[in-house]
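Secondary and tertiary structure notes
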Amino acid sequence: MSMRVRFAPSPTGTLHVGSARTALFNWLFARHEKGQFLLRIEDTDQTRSKPEFLKEILGSLQWLGLNWDGEIEYQSRRLPHYTAVADKLLTEGLAYKDGQAIIFKVTPGQVVSFEDLVHGQVQFNTLEIKDQVLVKSDGMPTYNFACVVDDSDFQITHVIRGDDHISNTPKQLLIYQALKRNPPIFVHIPLILGTDRSRLSKRHGATSLQEYRQMGYLPEAMVNFLALLGWSPGGDRELLTLEELIHEFDLKRIGKTGAMFDLTKLNWMNNQYLKNASLEELLPLVEEKLSEKDWWTDKLEPAWVAEVVELYKSRVDTLEDFCRQTQGLFTDEIPFDPEAVELRLKQPGVAGRLKIFAEHLQILQAWDAASIEAACRSIAEQLKVKAAELIHPARVAVTGRAVGPSLFHVLAVSGKERTISRLLHAAETLCPS
RNA sequence: GGCGCUAUCGUCUAGUGGCCUAGGACGCAUCCCUCUCACGGAUGAAACACGGGUUCGAUUCCCGUUAGCGCUACCA
């Protein structure tokens, strides 16, 4: 039998990293099993559902590369199905009316159990479960009811969802029973936690995929990171491509414990992907980022931008971080770090050295890293100072920061005119007289 | 409160009774590379919540305690 799973977001907010991980697990399972991954929109909350959220959710899924099979189903378009099923339950005496609402009767003292693929046997007593609203007074089905009808109608074989749904499961099982339909296999995956170990939410920081995308995380890194939250391929593997994830994915290897969302590790992973990404992939993303900031002009040579990217990609976590570090290259503003200025520029003798450095660079014929380095080292020798005494102040003068790539390469991409004027400007305005 | 789920380094995890003096990764520390930072390389500190069982032997199985989280809506 072919496996069928679904991802069923409700368009009442943007795509949360927890939901994205649920979608990813469903998708990986479907692709691994060569089954189907369906998309269902649970838009029965008329006041909270918004088209812009739907658009954002679909966009985020596509960004991650989680393509779905077939047409998207909308619960709001299946209203007659739900009411028909509820009416049937009504005539069979398994449900009753309360005003316009239809309520499902729960017989107390019954034990409901199911075999969860990650938790094993789970049991509930119906004593703990109240009668369940199936259809609300406004004619809309409730979550638990619509979910059962749809999963059953669309022959979903595995329901893979967050642990927070575990106590919904007996309620749904009771409905399956009343409907005389076979329930799917349930797979409850552990929640993604914030730094205080409670369920990840807005107060922990960015929670929507959209935000991570905007910060300049790569979708491959995000997928890899999310896949390893609550699942592991076994062994020591950490960096896996989408193909490898599909190949390795196995529901049996899903863990039982909640996983903290560790931004530090995500940053490391994104750096790894950034570092290994091809220019073909990176350049369009960088260009997009620069445009957003109005740092992009037609005068920028793609080859030059590529040089800058090469120079910085191993030392940035995100594209946003890339912009922070390269602001001095793309704009005329130098983001001076006060500590760097204090440490490297506000020191005796620095002004004179920077001026001499600038003068020598002025008469330099070629403008490449090797020539600049040769000039720098020969000046240092004449001045009888270490090259570092020239390098460090110059880096702060030109980039505003004490840290960054090789100075000679930075100066090479900065351009001759700009380098010299910045060196002189720093010597005159920032150094002690 | 009731019900449910969970419990290995700070974090993500490997581990399914002896291979564990518990492995990897992030982070941290030190060192190498070096003009700084990052990358890369090397080394180090760092965990089986607690108490009972079961067993020749428990991180691994069972029970309890504790703690954390989740659910307890005519939200999904």
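Residues numbered from 1 in each chain as written. Chains lettered and ligands numbered in written order. Predicted model: local features only at pLDDT ≥ 70, side-chain atom pairs only at ≥ 80, totals over all residues.

With respect to the environment of L90
Structurally, the position occupied by L90 is in helix 3 (residues 79–91). Given 18 C-beta atoms within a 10 Å radius, L90 is considered partly exposed. Taking the C-alpha atoms as reference points, L90 and I103, 13 residues apart in sequence, are found 8.7 Å from one another. In this view, L90 contacts A95, K97 and I102; residues no more than four positions away in its chain are not counted. (Helix = DSSP H or I, 4+ residues; strand = E, 2+ residues; numbered from the N terminus. Buried ≥ 20, exposed ≤ 12 C-beta atoms within 10 Å, placed from the backbone. Contact = placed C-beta atoms within 7 Å.)

Notes on the packing of helix 15 (residues 369–383) against helix 17 (residues 407–414)
Two elements in contact, helix 15 and helix 17, have axes whose closest approach is 8 Å; the angle formed by their N-to-C orientations is 120°. On the basis of their axis angle, the class for helix 15 and helix 17 is oblique. Crossing hand, helix 15 versus helix 17: right-handed. Across the interface between the two elements, A369, I372, E373 and C376 of helix 15 pack against F408, H409, L411 and A412 of helix 17. Of the residues assigned to the contact of helix 15 with helix 17, the class counts are six nonpolar, one polar and one charged. (Axes fitted to C-alpha atoms, helices over the stretch in contact; angles between N-to-C directions. Parallel < 35°, antiparallel > 145°, perpendicular 65-115°, else oblique. Left-handed = near helix turned anticlockwise from the far one by under 90°. Nonpolar A, V, L, I, M, F, W, Y, C, P; charged D, E, K, R; others polar.)

Details of the sheet that holds strand 2 (residues 36–41)
In space, the three strands of this open sheet follow the order 1-2-3, with parallel pairing throughout. The open sheet has two edge strands, strand 1 (4–7) and strand 3 (73–74), and neither has a second partner. (Pairing = 2+ DSSP bridges.)

Regarding the protein's contact with RNA strand B
Every one of the 61 residues lining RNA strand B counts as a neighbour, but E42, S137, Y143, A259 and S406 are closest to it. The set of elements that each furnish at least two residues to the surface near RNA strand B consists of strand 7 (120–125), strand 12 (259–260), helix 9 (263–276), helix 16 (388–399) and helix 17. With five residues, helix 9 is the single largest residue contributor to the surface near RNA strand B. (Near = placed C-beta within 6 Å.)

Such coordinate-based values are descriptive only and should not be taken to indicate function.
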